[in-house]
Amino acid sequence: MAKRQLLMLGIRASFHTLAAVLVAGVIFTAVFLSRNGMRKETPQSNGVSNVEEGEGSDREFNGTKLLERLRNKRMVYVGDSLNRGQWVSMVCMTSSVITNPRMMYFHSNGSNLITFKSLEYNATIDFYWAPLMVESNSDDPTNHRLPERIVRIQSIEKHARHWTESDIIVLNSYLWWLRPHMKTLWGSFEKLNGIYKEVEMVRVYEMALQTMSQWLEVHVNSNLTKLFFMSMSPTHERAEEWGGKTKQNCYGETSLIEKKGYHGKGSDPKMMRVVENVLDELKRRGLNIQMINITQLSEYRKDGHPSIYRKQWEPLKESQVLDPSSYSDCIHWCLPGVPDVWNQLLYAYIVEDHHST
């Protein structure tokens, strides 16, 4: 309890929205758990510690080494709540070696941007909310639960200007596209003369990624910025896909899927090919984005979701209370958990210089 209080004293942030408060709570809890159960630490000067060999060496992750690589740099995760979960994971794994809570802070002012900073290293790890990458009517970080999603398929500057000049950019966009069609706008949300058209999902997803790639090609200096794209995160919403009961999902699951090469219907191979094609074309034009394929390794983890242990944004109905699987979250991931593994892969590229040029 004393350690948690010390951690809280070092947070110089003011959260103006409920969403920001919840994110902060997740971070504080996960940092506390990671410090008390995930690593042995030996104190060093300036409030930073190293992970001892032995218990931590099998995790391929050294927070001090990462902070040193991020000294005077900015790393930003751009995407939806899955990317935000990965950001929380990275903040927890990195901040666990900062023994003095006054040497770090979190900041959010209710905008799309949330910031974690190590003061000693002047290292910043940000998250920027842009669930569809391009501009959309779901861009508000809190009020985005809308019955119809609309994207401005050729507009990305509203978001990209906040992260383009970062040293490391981790992109993700998949979950919010999972519907047969998407309403697409050519024009402005503020004007009435825009052209709206329903476009098949895979095609509009490709168009959005092309808009992203065109922006990156023009505005990003590949000699200064490392670019990564996280592949799709699988869901586990149909238990019959792995041999479970029909009309059930990840609720109550406590073990991995053992079938080698298992592939659920929550992962769309057509969308994966779109990502690969867009990134390959961008590489041919001289700009490399390293795709980190986390899909297959995550497919097996039907046991890794929060299930019923999540924030309920609306009061549960009696029918839901009687059927826990009806409100189980089988999309997002527990922390500590699967996103830690994603970040270990990312860490290898950043720290060990596996990022190809």
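As a reminder, the structure under discussion sits directly above these lines.
Only a predicted model underlies this, so the values are computations on that prediction, with no experimental measurement involved. (Residues numbered from 1 in each chain as written. Predicted model: local features only at pLDDT ≥ 70, side-chain atom pairs only at ≥ 80, totals over all residues. Heavy atoms only, no water.)

### A word on the overall build of the chain
Right, on to step 1. Helix and strand counts for the chain stand at ten helices and 13 strands.
Right, on to step 2. Within the chain, the proportion of its 357 residues that are buried is 52%.
Right, on to step 3. Residue pairs at least 24 apart in sequence account for 72% of intrachain contacts in the chain once pairs closer than 6 positions are excluded.
Right, on to step 4. Of the roughly 17,300 Å² that the chain leaves accessible, carbon and sulfur atoms contribute 50%. (Helix = DSSP H or I, 4+ residues; strand = E, 2+ residues; numbered from the N terminus. Buried < 20%, exposed > 50% of the residue type's maximum accessible area, 1.4 Å probe, protein only. Contact = heavy atoms within 4.5 Å. Areas by Shrake-Rupley, 256 points an atom, 1.4 Å probe, with all protein chains shown as cover.)

### Remarks on the sheet that holds strand 7 (residues 135-136)
Right, on to step 1. Strand order in the open sheet formed by four strands is 7-8-10-11, and the pairing between neighbours is mixed. Edge positions in the sheet fall to strand 7 and strand 11 (195-200), since each has one partner strand and no second.
Right, on to step 2. Relative to strand 8 (residues 150-152), strand 7 is paired through two bridges, and the arrangement is antiparallel. Of the residues in strand 8, the one forming a bridge with glutamate 135 is arginine 152.
Right, on to step 3. Helix 6 (residues 201-219) contacts strand 8, strand 10 (181-186) and strand 11 of the sheet and is inclined by roughly 115 degrees relative to strand 11. (Pairing = 2+ DSSP bridges. Axes fitted to C-alpha atoms, helices over the stretch in contact; angles between N-to-C directions.)

### Quick notes on unusual backbone geometry
Right, on to step 1. Between leucine 335 and proline 336 the backbone carries a cis peptide bond, its omega angle lying at -5 degrees.
Right, on to step 2. Mapped onto the secondary structure, proline 336 falls in the loop between helix 9 (318-322) and helix 10 (338-351).
Right, on to step 3. We note that asparagine 122 has phi near 50 degrees; this positive angle belongs to a residue other than glycine.
Right, on to step 4. Locating asparagine 122 in the fold gives a position in the loop between strand 5 (113-118) and strand 6 (123-129).

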